Each structure stands twice: as C-alpha cells, then as structure tokens.
Amino acid sequence: MPIQPAVSPARETVKQAVLDFIDRYGCEQAPDEEFDRLARLIFAFQFANNVPYRAYCTSKRVTPPTLDSWSSIPPMPVDGFKMLTLTSTPEADCEAVFTTSGTTRPGQKGRNFHPDLEVWDASMIGPFRHFILPDRERIRIGVISPAWDMNEHSSLSRYLTRALEQCGAEGSDYFFHEQGLEFDRIERFLEQAVTDDVPVMLMGASSAYWYLLEHLRESGRTFVLPDDSRLFDTGGFKSTKTGITVDDMYAMFADVFGVDRTHCVNMYGMTELSSQIYDQNLLSYYTDGSVNTLKATPAWVRSVMLDPQTLTPVADGETGVIAHYDLANWNSCLAILTEDLGVRSADGYRLLGRAKGAEARGCSITVDEVMAANA
Amino acid sequence: MSGDGVSVGGNVVDNADIVDVFHAPAGFSFTAFDTREITTPDGPVSLRYPRLDADVIHALCDDVRKNRNDCLASMPVNDIIDVLAKAVELWTDPDYPLRRLAERLVPAITGYDADMTRIELKRYMRMFRRRELLRFVDDDLPCPQMLDEYRPNRSGGYTRLYGPDLSFHVFSSNVPGIPVWSMTMGLLVKSGIVGKSSFDEPLMPVLFAKSIREVDPELADAIAVVPWKGGTEPLENAAIGEANAVIVYGSSHTTELLRPKVAESKPFLSYGARIGFSLVGRESLRADCYESTIHHMAVDVATYDQQSCLAAQTVFVERGGVLAPHETAELLAHELESQQRKYPRSTPTQEESLAIRRMRSSVEMMSLFAGGSGTGMADDGSGPFVIASPHGTDWTVLYYPDAASLPTPASPLNRTITVVAVNDLADALPVMTPYRQWLQSCGVAVDSTRLFPLAQRVGELGIDRICPVGEMNRAKSGWHHDGGFNLLDLVRAVDVERGTDRFADSFDDDFE
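Residues numbered from 1 in each chain as written. Chains lettered and ligands numbered in written order. Predicted model: local features only at pLDDT ≥ 70, side-chain atom pairs only at ≥ 80, totals over all residues.

1. So, the overall build of chain A
Moving on, step 1. Along the backbone of chain A there are eleven helices and 16 strands.
Moving on, step 2. Residues classed as buried in chain A amount to 48% of the 375 residues present.
Moving on, step 3. By sequence separation, contacts in chain A at least 24 residues apart represent 67% of the contacts at least 6 residues apart. (Helix = DSSP H or I, 4+ residues; strand = E, 2+ residues; numbered from the N terminus. Buried ≥ 20, exposed ≤ 12 C-beta atoms within 10 Å, placed from the backbone. Contact = placed C-beta atoms within 7 Å.)

Right under this line is the structure:
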C-alpha cells in the first residue's frame, strides 16, 4: 500500500493559503520559495485525499516527504481527468464540476471538481483585469458563447458571465441563446457601439468568431469599431473547417471589425485548470506601446515546457510539451500534463497548439492512423 | 550547399567527404547538383544528388528504357540471376568497400544503431544469393524460362511472360535495404528500373546498383535511382507516365496519393502500413525455453525500432505456462532494456515521443481506474499496467489482462509493445478481425501440433506470413509479399494457343 502521510493539511487551511497567495502576488512574479512552499502544502493535501492521484504519484516514486521541489510534482496527464475521479473532497461535497466538451473522444469528458468556486473566482478576476483591461475598469462587453445560465458545467461559461458581471459597462449583453448566435442582435450591438463611439469587447470561443465572420461575410457588413475596442477569443482557431491560421483570422478581424492585432487577445484556458493564461499584447500596448503576443501566467501558475522524450524541462527557445502548475487547482491536481506544445522566450511563451499525431516513417502503421481510419 | 558540375553516370565519388546518392546509366549527365550534410563518427559527409525537373526524368526514363531494350530484354533469366547473385556475393565480404560505406553511412543517415544495422544488412543481403534468387523465381513461375521464350504450358499451348519495359519504384526509408528486394524483382522480369529513393535513406538502392555495375555494366545501365522529396508532382507524374508498372513502398498516405495517377491498365503494386502481432503459446514459456522465447520477442520489437511493416506491435501471451503473461511482460521489459544497452534505439521525433507518452499515460490511467498502481508490475496481472524504460521513451511494455480490454493492437512504435494475456491463443483472433486490412505478419511460438491448425485460422483472418517469434523482421526469400506474387504480379502472359503450332505445321511443304 502507498505510504500515507501522518497528517493531511486541513481543507480550509489549504484554501485560505491559496486565496492569500492570489491576493498577495496577483500577476507579479512570486518568489520561488513562496511558490514552492504553497505547492508543497497543496501537494501534501492532494496526496492524502485524492486517492487516484496518490496512486499515480506513488508509481512515480514521489511522495510529499521525498519531494525535492515543486517542479518534481508529477503532472497528471489530461487523460486522467477523463478516466479518474480526481478530487480531494468527496464528490458529493463539491459545489461544481466543470467538464470538457469532449470533442476529441466523444463520450469521455474530462472533469474538474470544485468544492466551491471561491478560489476559482478569485483566480479569474485579477488576471482578467490585469491582462484584458489594463486601461479601464469596465468596458461594454458582448458575449458570443454560451453563458453560465446555459451551461453550468462549462468553466468558459462561468468565466464569461463573471467577466460581464464584474467588468461589463452599461449596454453589455449576452448574444448566445438556445438557438445559437443571435446575429441580428450582435450587428445592432456593434452598430450601437459605432453610433455611441464607445469601445466594446466581444468575448467568446474562437469558433464563435468563425460563425460570426461567415455571417457578416454573407450579409456584407463591416464595422470600424471605436478606438480601444477589443476582440477576446479562447480555444484557438484550429480544427474549424478550413486550414485557417491565427494570422488569417486576425487579418479578417481587422477587415471586418476594424480592430488591429494589438487589440485581439487570446486566453488559454483548460477545464482541467482553475486559472487562465493570457496574451500580453493589450497589457504591453497600454504600458509601453509594444505588441507582446506571448503568453503569461499569474503568480500562482507556472507553465513548464518539457522534453517529450524525458519529461525534463527544455531550454528557452526549444519546443516542449506544456505542463502547468496551477496552485488554484487546489482540490484536483495542481500539476497537469497537457498535449499542447509551446516554446518559451524571455518575454513569455508561444502556444503551438496540440501536438499532431506521429506519422510512421515507413510502411509500419501507428495508432493515430488506425484510429483515424476506424473513426 | 549546392554546386554545379557534370557527373557522368553518377559514379561513386567516395573520397570520404562527398558521396553520390544517385545512380544513372553511363553517359547520362546531370547538369546541377545539391548536397545534404550528414554527421558520421568520422566527421561530416556530403550526400550529393542531382537537381531534377520533369524533363530530366523523361530523359532518364528514355535512357533506361533504351538500355533495357538493348540488353536486359534479351538476357536469359538465368544470366540475370547470375549477375545479381555475383553482385550480392560481393556483399558477403566484410571488407567490400561498398559494404563498408553502407555500414558507415546508413546508421548516420537513419539514426539506427550501427551494430544492429551492420548485422541486419548482412543478413538481408544474403537473402539474395543465387540459391535464394532461385526460390523467388521458381516459387512464382512453374517454368522460369517462360521469361525468355515460349514454353509449353499445361493446357497444350505455349506461354511467354513479359515484364514491364520500365517500372517506376517508390522506395521507403524505414528499413535500409528494402529497395534491393524491389529492384531484384524488377530485373528478374527484365524491367528497366527508375527508382525514387527517400532522403531519409537514399544510399542502399544506389550501392546495390553500383555493385551490379561492377559485375555487368550493361545491366546496370538499365537502372536509375534518384532521390526527391515525396509528393513532388511534376517528377512523379513524369515517371508514372513513362513507366509500365508502378511499385510503391510507404505509408498509406503515399500510396493513396499515387494510386489515382496510375492508369488502370498498368500494374500498381503497393506495400503500405501493416500491423504485426505474435502468438506466444504456453508451451514456449516452459522452464527450459522461456528465456529464449522472451529474447526472441524482444528482438521482434527492437529490430529497426518497429519501423518495418513486419514488426510485432502486439503480443498475445497464453496463460498456463510456467510464466504467467504478466511475468512474461516483466521479463520482456528487462530484455528490452538489455537490447537498449546493446542496440540503442534511434532518436524519435517529438511527435513520436509524445505519442508514446500518450499511450503510456492512457494505460496508466486505465490501471489507476482499475485500482492498480499505474506503472510497474501488477501484483497478479489482473489489471492493465505499464512498464516504462528508466530513461525517456526508450522502450515501453503495455500490459492488458484480457483481449477485450485492448483498445487497439497498433502501437506508437519505436519499441512500444503491447502484451495481452489470453486464456487460449484462439481468443486473440476475434480481436484482430477488425484490422484485416492491416494484417500481414504473425509470429508464432507454439508446438508442432498447434502450428498448422493455428496457421489455418490466422490465414483466414487475413494474415499472409507466419514465422517464428524472433524472425518477424526477417522475411525469407520467396515470401509472397503481402500475399501477392513477387514476379507474377509484374508480368503479363502471352499464350500461343493449343493447335496454333499444328496449324502452322500445316503450311510446311512436306506436312502430312
């Protein structure tokens, strides 16, 4: 049997420590010792109470007493969130469970359990203000993806609703309802912004923009939104129909909405996390006029690029598979191993998207090909 | 990186620094060349190859076809066998310069371990010695001389077999030397050969052509081998248009790209992706033989890192032996580690490593889900588990306690093997049924009473090759490659019908 630690930190202690950390460091760089100290506390809590995660860590020969640094905490592969019940609090006592859309393998949805959403909410709002609204308290927001009342198992829905509630100026609204995107109302929203000469922000999944663009192309409408307007997307432009790249998409944004690359911002989020990661271009634009589109994390999240061969960190400038250490994920697993590739430089990191399947070099056949053919 | 110049016929310029990775008929000149650098233990080497366009390919095809018509077309098949056999015999000498060159460069180009490559190449070339070539010929053809002249057939007439004037071969790079098989078959049916080699292993087909040149320069002039990037349409369209037959090795992607371009009337042979598996009976896990069985299992996985279509990707191990299947998995892991020390795996790409990681974690999650520990040995083999190499993704053993829980028999390769426990080997067969289109080799370790009944069953399943465990990567001379015929599939038969001879006799002056 795996070794049990003598005492588990109390749930409330852990949660309060996370809230304090978020409050204290915000989007500054936290000292490594402080990050490490809290990571150890959370790890000890998860190791004691999250049974499948303990088994996983034990098989990797990592336990709280033998842990040398936060970066040695075994990252749980995202597959684990699909197959296992990863929670340190009994399922029945969890106020919320967020699930993935399960597009990659239908029927198998990843789940992230939250005893309550206090930490999640605290983790959401600070970085949102910091990276998305560095120049103002509120902005007129148009949400073009399902909101919280439509899908309470979607972390994105919660995110969009919280953003609008906390930072939406007068005239903010939701434009996605049971029948889908309300194109006419969106058009009126954009017209109104132009008439009022008030900056607006559209917020939604990257794929929603694709449908919106298609609609506007058919109706032949274009807009020149007021200065400081911004377009917020999340999820990435992959896999939607054509081989459209991010740059193509942002070029179309400029043509159709009159919003430049400086004001298009991508949020990188995952159901398996309790925090979000952002492009820094809005922040840098309003700070010193530069356009830094690399990703940055708040103080309680660290993204590490790992060599897929050895799962050890790669040097800056080299591509690796991304592991996130998210201290706000205090109930499930603070460390997760994604299937996304990234490359870090001094000013942040670039997300390269999901790793493509490996292709066999010759006449052997790989899993991916078989899966694709049998799909 | 590039240089202009004229090379006649593409002679090997082996001054250790520049090596030509193309072969063309003597007198054929290319006008421009490019080079690629590789790093060998003895320092950098430039691989030189010609710059190509559709006109060059047309000219090359013309030249090869003409030389073929002048010489090869009228060469008796026995003489062709002699030439090929002498060329191959050169390779049995460890000091043969081209063999030395291959042993030096192929590992550097492919990343395969040098010792493994040396041993496998040596074994491979021996498959084409004279007595082995006779197998290829006699196995397919009731009367090989039909390739030379009209010979009596069984229906009372006469038959002559004609190979294509010119065949276009698309070589793969996964296993060094495979092009030798395809070139040999082409030459045996008296076809001129234009081969497109891969930049990932352009050398062996060229060296084989050079060896032929040493024995019979005229025959070597009916061969051209040049590398280009797969999917370069103008070149491929030109070659396909010129050829009377097209033979493609490579991924399904490659074959599906080329197949529609080939006119229906031309033979199109493709050798694509396959899933190999093996059946390990309880009798092969007796106290006196389990060690060698497990060693053989590991060899099937380690050889060329499962990049060959012949390799094992899943092993079904029968319960009831001295070793239980989960213990077999554990010992197989040890044996893979010792293979890794002897013959280190080539460095996989990031995508390949990630695919292995993904497979490992998916089985780990299944194991945790089933209440196991994820990695390492299971206590009793009742749940799935993973045994991972101590370093990186060097090798991986994935274990499933029964066939029903196996999600796929296909492996992410690069020494990733799935071990499935079964109560009876017959339990493995239903699992493999949906994969019929990819089945080919089946390794077996069973006693003689079970061999043929089992062969009968797996034959029905879609398998076309049954061989000993440990020999999966070493197909034997004469094997009906992917269930087809090596020579028959390339030729067309012309019959002089029964009675035609007598009818001709009737015009003789003194016919009775």
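2. Some details on the domain arrangement of chain A
All names here are of chain A.
Moving on, step 1. Per the domain assignment, the segments making up chain A are domain 1 (11-92 + 108-114) and domain 2 (118-298).
Moving on, step 2. Look at where the C-alpha atoms of domain 1 and domain 2 centre, and you get two points 30 Å apart.
Moving on, step 3. Among the secondary structure elements, those contributing two or more residues to the side of domain 1 that touches domain 2 are α1 (11-25), α4 (78-83) and β3 (111-114).
Moving on, step 4. If one sorts the elements of the side of domain 1 that touches domain 2 by residue count, α1 sits on top with four residues.
Moving on, step 5. Across the side of domain 1 that touches domain 2, the residue classes break down as six nonpolar, four polar and one charged. (Domains from an automatic or database assignment. Nonpolar A, V, L, I, M, F, W, Y, C, P; charged D, E, K, R; others polar.)

3. What to know about unusual backbone geometry
Most peptide bonds adopt trans geometry, and most residues besides glycine take a negative phi value.
Moving on, step 1. Positive phi, normally seen in glycine, also occurs at Tyr-304 of chain B, with a value near 50°.
Moving on, step 2. Relative to the helices and strands, Tyr-304 of chain B is located in the loop between α11 (290-302) and β13 (312-318).

4. Quick notes on the domain arrangement of chain B
Residues and elements named next belong to chain B.
Moving on, step 1. The domains assigned to chain B are domain 1 (53-273) and domain 2 (275-476).
Moving on, step 2. If you average the C-alpha positions of domain 1 and of domain 2, the two centres end up 33 Å apart.
Moving on, step 3. Opposite the eleven residues of domain 1 that make contact, domain 2 presents eleven residues.
Moving on, step 4. Per-element accounting of the side of domain 1 that touches domain 2 gives the leading share, four residues, to helix α4 (residues 114-126).
Moving on, step 5. Of the residues assigned to the side of domain 1 that touches domain 2, the class counts are four nonpolar, three polar and four charged.

5. Describing the sheet that holds strand β5 (residues 151-152) of chain B
Residues and elements named next belong to chain B.
Moving on, step 1. Pairing is antiparallel in the open sheet, where three strands are placed in the order β5-β6-β19. On the outer flanks of this sheet lie β5 and β19 (492-496), each paired with one strand and no other.
Moving on, step 2. Taken together, the five bridges between strand β6 (residues 158-162) and β19 define a ladder with antiparallel strand orientation. The residue bridging Tyr-158 from the neighbouring strand is Val-496, located in β19. (Pairing = 2+ DSSP bridges.)

6. Considering helix α12 (residues 325-342) of chain B
All names here are of chain B.
Moving on, step 1. Here α12 is 18 residues long and its end C-alpha atoms lie 25 Å apart, about the 26 Å a rise of 1.5 Å per residue gives.
Moving on, step 2. Residues of α12 that are buried include every one of Pro-325, His-326, Thr-328, Ala-329, Glu-330, Leu-332, Ala-333, Glu-335, Leu-336 and Gln-339, and no others.
Moving on, step 3. Against α11, β13, β14 (385-388), β15 (396-400) and β16 (416-422) lie the buried residues of α12. (Expected span 1.5 Å × (residues − 1).)

7. Thoughts on the confidence of the model for chain A
Moving on, step 1. Across chain A, pLDDT averages 90, with 89% of residues at or above 70.
Moving on, step 2. Looking across chain A, the model is least confident in helix α11 (residues 367-374) of chain A, with a mean pLDDT of 58, and most confident in helix α5 (residues 118-132) of chain A, with 98. (pLDDT = per-residue confidence, 0-100.)

8. Some thoughts on the sheet that holds strand β11 (residues 268-271) of chain B
Two orientations exist for strands paired in a sheet by backbone hydrogen bonds: parallel and antiparallel.
Residue and element names in this part refer to chain B.
Moving on, step 1. Taken in spatial order, the five strands line up as β9-β8-β7-β10-β11 in an open sheet, and their pairing is parallel. Each edge of the open sheet carries a strand with a single partner, namely β9 (223-227) and β11. Each strand of the sheet is rotated relative to its neighbour by a mean of 15°, with strand direction disregarded.
Moving on, step 2. Here strand β7 (residues 166-170) runs beside strand β8 (residues 192-197); their pairing, made up of five bridges, is parallel. Counted as the bridge partner of Ser-167 is Ile-193 from β8.
Moving on, step 3. Each of β7, β8 and β10 (245-249) is contacted by helix α6 (residues 178-188), which is oriented at about 160° to β8, the strand it contacts most. (Axes fitted to C-alpha atoms, helices over the stretch in contact; angles between N-to-C directions.)

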